[in-house]
Amino acid sequence: MTHTGSLMIIGGGEDRTDDKEVLQKFIALAGGVTQPIIVITAASKVPEDVWAMYETAFAALGVENVTHVSISSRAEADDDMLAHKVAQARGVFMTGGDQKRLVTFLGGTQLERAMRRAYSDNGACIAGTSAGASGMCTHMLAEGRADLAPEKGAVRLGAGLGFVSRVIIDQHFSQRHRLNRLLSAIAQSPFLLGAGIDEDTALIVQGGGIEVAGHGSVTVVDCRQSETNIADVAAGAVPQMLDVRLHLLPSGSRFSSADDAGPLADFIHYLTDRTLEHEHR
């Protein structure tokens, strides 16, 4: 099942001073520089500082109609006038910070529902970078680390905003060496797939297909057919993991639909089929 709008899931650290390739792609998906764009800084504890960076970057790219939405409570996210403005946007960009903070303020509010209306009814591009990317998932990687090897209990999942179903998103992936963290997460929840997105890199979901843009790669990890003893080892132990599948999608990778994606068919299906959105919420 295809949809009207697009999703842009960014691994953080997107260039905001030089070629701005990822931000340029976001503007194009939002319909161009004249279209209304919303920047949501709810994930950040220093929203004005974060907004200043994006205000400068979007101005340099010629964007004419960009609005900062700084949310610091659920009451603010339930404002009728604000929700109406967001629903009319052609691009919504959620910045980095803390994904738990983002979801705490936005989840289940009028603002979240307005983002969905913009996406489904107005053809909007819904984008998230860093924490904003992780927060787009139904199953959100909320916190945790596994530096040297996958570990049982090293990470904790939480409920996210649900724009992406049955895929866990991790960000700053190669730069912060997060493969072990992602393996820890999906070994404990093997019905999910994992997608690690490098900095200055975007996974774009549009029209039933996907594309990777920017200067890095997307790493897809699949443990659905693997064998593991993670249910039996102690917390903190390194589990045995056999037959784990890994796919690397460098910038420029493109699949027009799940039908031509081979071993990535389910990954693309999960990203593009909106009927899965509330399956596990």
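Parameters and conventions
Residues numbered from 1 in each chain as written. Predicted model: local features only at pLDDT ≥ 70, side-chain atom pairs only at ≥ 80, totals over all residues. Heavy atoms only, no water. Helix = DSSP H or I, 4+ residues; strand = E, 2+ residues; numbered from the N terminus. Buried < 20%, exposed > 50% of the residue type's maximum accessible area, 1.4 Å probe, protein only. Contact = heavy atoms within 4.5 Å. Expected span 1.5 Å × (residues − 1). Pairing = 2+ DSSP bridges. Axes fitted to C-alpha atoms, helices over the stretch in contact; angles between N-to-C directions. Core = buried A, V, L, I, M, F, W, Y, C linked by side-chain atoms within 4.5 Å. Salt bridge = Lys/Arg side-chain N within 4 Å of Asp/Glu carboxyl O. Disulfide = S-S within 2.5 Å.

**Student:** Lay out the environment of Ala124 in plain terms, naming residues and giving numbers.
**Tutor:** The residue Ala124 is located in the loop between helix H6 (110-121) and strand S5 (125-129) in this model. On the basis of relative accessible area, Ala124 is assigned to the buried category, the value being 0%. For the pair formed by Ala124 and Gly158, sequence separation is 34 residues and the distance between their alpha carbons is 26 Å. The contacts of Ala124, once residues within four sequence positions are left out, are Gly5, Ser6, Ala89, Arg90, Gly91, Ala118 and Tyr119.

**Student:** Outline unusual backbone geometry, listing residues and values.
**Tutor:** The phi angle at His172 is positive, at roughly 50°, despite the residue not being glycine. Along the chain, His172 turns up in the loop between strand S8 (167-171) and helix H8 (179-188). Unusually for a residue other than glycine, Asp200 sits at a positive phi of about 55°. Among the secondary structure elements, Asp200 is positioned in the loop between strand S9 (193-197) and strand S10 (201-206).

**Student:** Report on H6, specifying residues and quantitative values.
**Tutor:** Given a rise of 1.5 Å per residue, 12 residues ought to cover 16 Å, and the 16 Å separating the end C-alpha atoms of H6 matches this to within 8%. Looking one or two residues past H6, Gly123 carries a phi angle of roughly 65°, positive in sign.

**Student:** Which residues make up the sheet that holds S8, and what values go with them?
**Tutor:** The mixed open sheet is built from 4 strands, whose spatial order is S8-S9-S12-S15. Edge positions in the sheet fall to S8 and strand S15 (245-250), since each has one partner strand and no second. Pairwise comparison of adjacent strand axes, ignoring direction, gives a mean angle of 20° for this sheet. With 6 bridges connecting them, strand S12 (residues 217-222) and S15 associate as antiparallel partners. Counterpart to Asp222 in the pairing with S15 is Arg245. Packing of helix H9 (residues 265-272) onto the sheet brings it into contact with S8, S9, S12 and S15, and relative to S9 it is tilted by some 80°.

**Student:** So what about the sheet that holds S5? Which residues, and what values?
**Tutor:** Whenever strands of a sheet pair, they do so through backbone hydrogen bonds, lying parallel or antiparallel. A sheet is described by the order of its strands in space; here 8 strands give the open sequence S3-S2-S4-S5-S1-S10-S11-S16, paired in mixed fashion. Edge positions in the sheet fall to strand S3 (66-69) and strand S16 (254-255), since each has one partner strand and no second. For strand S2 (residues 37-40) and strand S4 (residues 91-94), the ladder comprises 4 bridges, and the chain directions are parallel. Directly across from Val39, in S4, lies its bridge partner Phe93.

**Student:** Outline the nonpolar core, listing residues and values.
**Tutor:** By size, the foremost hydrophobic cluster in this structure holds 55 residues, and its most contacted members are Ile40, Leu106, Ile126 and Phe267. With 5 residues, H6 is the single largest residue contributor to this core. What Leu106 contacts, discounting residues up to four positions off in sequence, is Ile40, Ile71, Arg74, Ala77, Met94, Leu111, Glu112, Met115 and Leu161. Within the second largest apolar cluster, 22 residues are counted, among which are Met8, Val22, Leu23 and Ala213.

**Student:** Would you mind going over the pattern of salt bridges in detail, with residue names and values included?
**Tutor:** In the structure shown here, the tally under the stated rule is 12 salt bridges. Residues Asp222 and Arg224 are paired through a salt bridge, measuring 2.9 Å at the closest nitrogen-oxygen approach. By relative accessible area, Asp222 is classed as buried at 7%. Residue classification places Arg224 among the partly exposed residues on the basis of a relative accessible area of 26%. Linked by salt bridges that have partners in common, Asp98, Lys100, Glu143 and Arg156 make up one network.

**Student:** Tell me what's going on with the state of the cysteines, and back it up with residues and numbers.
**Tutor:** Among covalent bonds in proteins, the disulfide is the one between the sulfur atoms of two cysteines. Taken as a whole and judged by the stated rule, the model has 0 disulfides. No disulfide involves Cys125; its sulfur sits 15 Å from the nearest other cysteine sulfur, which is in Cys137. Among the residues examined, Cys125 registers a relative accessible area of 0% and is labelled buried.

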